[in-house]
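A structural walkthrough
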Amino acid sequence: MVKIAMKTPLVEMDGDEMTRIIWKMIKDELLLPFIDLKTEYYDLGLEYRNETDDKVTTEASEAIKKYGVGVKCATITPNAARVKEYNLKEMWKSPNGTIRAILDGTVFRSPIIVDSIEPFVRTWKKPITIARHAYGDVYKNVEIKVEGKGTAELVFTSENGEVEKQVIHTFDGPGVLQGMHNTNKSIESFARACFNFALDRKEDLWFASKDTISKKYDHTFKDIFEEIFEEEYKVKFDEAGIEFFYTLIDDAVARVVKSEGGFIWACKNYDGDVMSDMVATAFGSLAMMTSVLVSPEGFYEYEAAHGTVQRHYYNHLKGKETSTNSMATLFAWTGALRKRGELDNIPELITFADKLDKASIQTIEEGVMTKDLASLSSIKDIKVVNTEDFIKEIRTRLEAAL
């Protein structure tokens, strides 16, 4: 078989722990035998991020701007325990947060649907896509640990020197302080990305925040969404027969649980982080969720929506067999390859990505799956396989399809 040729490299961002192991397995078994794979490689493993003072993450982000498409493995966002475990210079920020801050844009996360795995929410019949704003808020915050009495103030100095000041809190003892921001430009990009995505999918769009409490911060999000919708998208939505509406985040949660799905739920950065995990789990598994960051300039970054599977990695280091679900990591690769094929006009690459997706779903539908899915599946005769064998089973079906 002649390998599929690529014109432009993908930006490849390696990661941590068990997902790093899976990353190599997918490349060796499912990609390199069939594609003359061209990538520009960046090691975003925690050790190398620490070695480079996290400059490698910024370099990878700039490379996505250069080449247009990136694919990222799951990475560790260190806490205090990780700082000690890896002997880090400091508690480095989330690589995903850094990439999103540089690229801006919106993260769209959708469940990978398998017929034999029914959602935990019995009313859900169709996929729910989370559209997560990918800039600012708590992910680009500034924090102070207050050690004693004092006054915290929010101060803004305009370009011409005018000062606006408000007291946040007068501390009578130790506490913590956090400042965060967003920009109208980024919120406008977020809104347009959501509206365009809804039109492409011909699905209703919901947006939710907490403007009743946050009367300036969250209310700005609400106002921008509503203004752009009325001025640019209302007629298009009417023609497409779809709806946009705003509601409070707590009301949205109640509505989502009672819905049948089949819509896009736009969320602010933190809300989207939490709700995408909820939706993924309720549909079956965090390892069954696609994730793509779409920037206003047309840059794409595909990744798995879950973590590095730390427990399985420690078992792997002890020589124990693991049964880790590799679907989300695999779909990150196929999403990136498909987009590369679209941008470079390589139909063979698009077809390959489609067939690899189908082969992976076919594997599960035929009763071969990792341990996490076995307890969720309605199939009676299930063959539970380890991580490596699951990927090899997919390869067997892929070769048959090709």
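Cut-off values and rules
- Residues numbered from 1 in each chain as written.
- Predicted model: local features only at pLDDT ≥ 70, side-chain atom pairs only at ≥ 80, totals over all residues.
- Heavy atoms only, no water.
- UniProt positions renumbered as here; feature names shortened; annotations may be inferred.
- Pairing = 2+ DSSP bridges.
- Helix = DSSP H or I, 4+ residues; strand = E, 2+ residues; numbered from the N terminus.
- Axes fitted to C-alpha atoms, helices over the stretch in contact; angles between N-to-C directions.
- Contact = heavy atoms within 4.5 Å.
- Buried < 20%, exposed > 50% of the residue type's maximum accessible area, 1.4 Å probe, protein only.

- With an unreviewed UniProt entry as reference, the chain is termed Isocitrate dehydrogenase [NADP], source organism Clostridium paridis.
- For the record of the chain, the UniProt heading Catalytic activity (unreviewed entry) holds the text "D-threo-isocitrate + NADP(+) = 2-oxoglutarate + CO2 + NADPH".
- Taken verbatim from the UniProt record of the chain, the Sequence similarities (unreviewed entry) comment is "Belongs to the isocitrate and isopropylmalate dehydrogenases family."

1. Here's the deal with the sheet that holds strand S7 (residues 128-133)
- With respect to topology, ten strands assemble into an open sheet ordered S4-S2-S5-S16-S15-S6-S7-S14-S12-S13, the strand pairing being mixed. Single-partner strands in this sheet number two, and they are strand S4 (39-43) and strand S13 (244-248). Between one strand and the next, the sheet's axes are offset by a mean angle of 20 degrees, whatever the strand orientation.
- Across the face of the sheet, helix H1 (residues 17-31) comes into contact with strand S2 (10-14), S4 and strand S5 (69-72) while running at roughly 140 degrees to S2.
- Helix H6 (residues 184-201) rests against strand S6 (106-111), S7, strand S12 (204-209), S13 and strand S14 (263-267) of the sheet, and its axis sits at about 160 degrees to S7.

2. A word on the UniProt feature "site: Critical for catalysis" (unreviewed entry) in the chain
- The sites that UniProt annotates as "site: Critical for catalysis" (unreviewed entry) are Tyr 139 and Lys 210.
- For Tyr 139, the contacting residues outside a window of four places in its chain are Arg 132, Asn 269, Tyr 270 and Asp 273.
- Take Lys 210: it is sitting in the loop between S12 and helix H7 (217-240).
- The exposure class of Lys 210 is partly exposed, given its relative accessible area of 26%.

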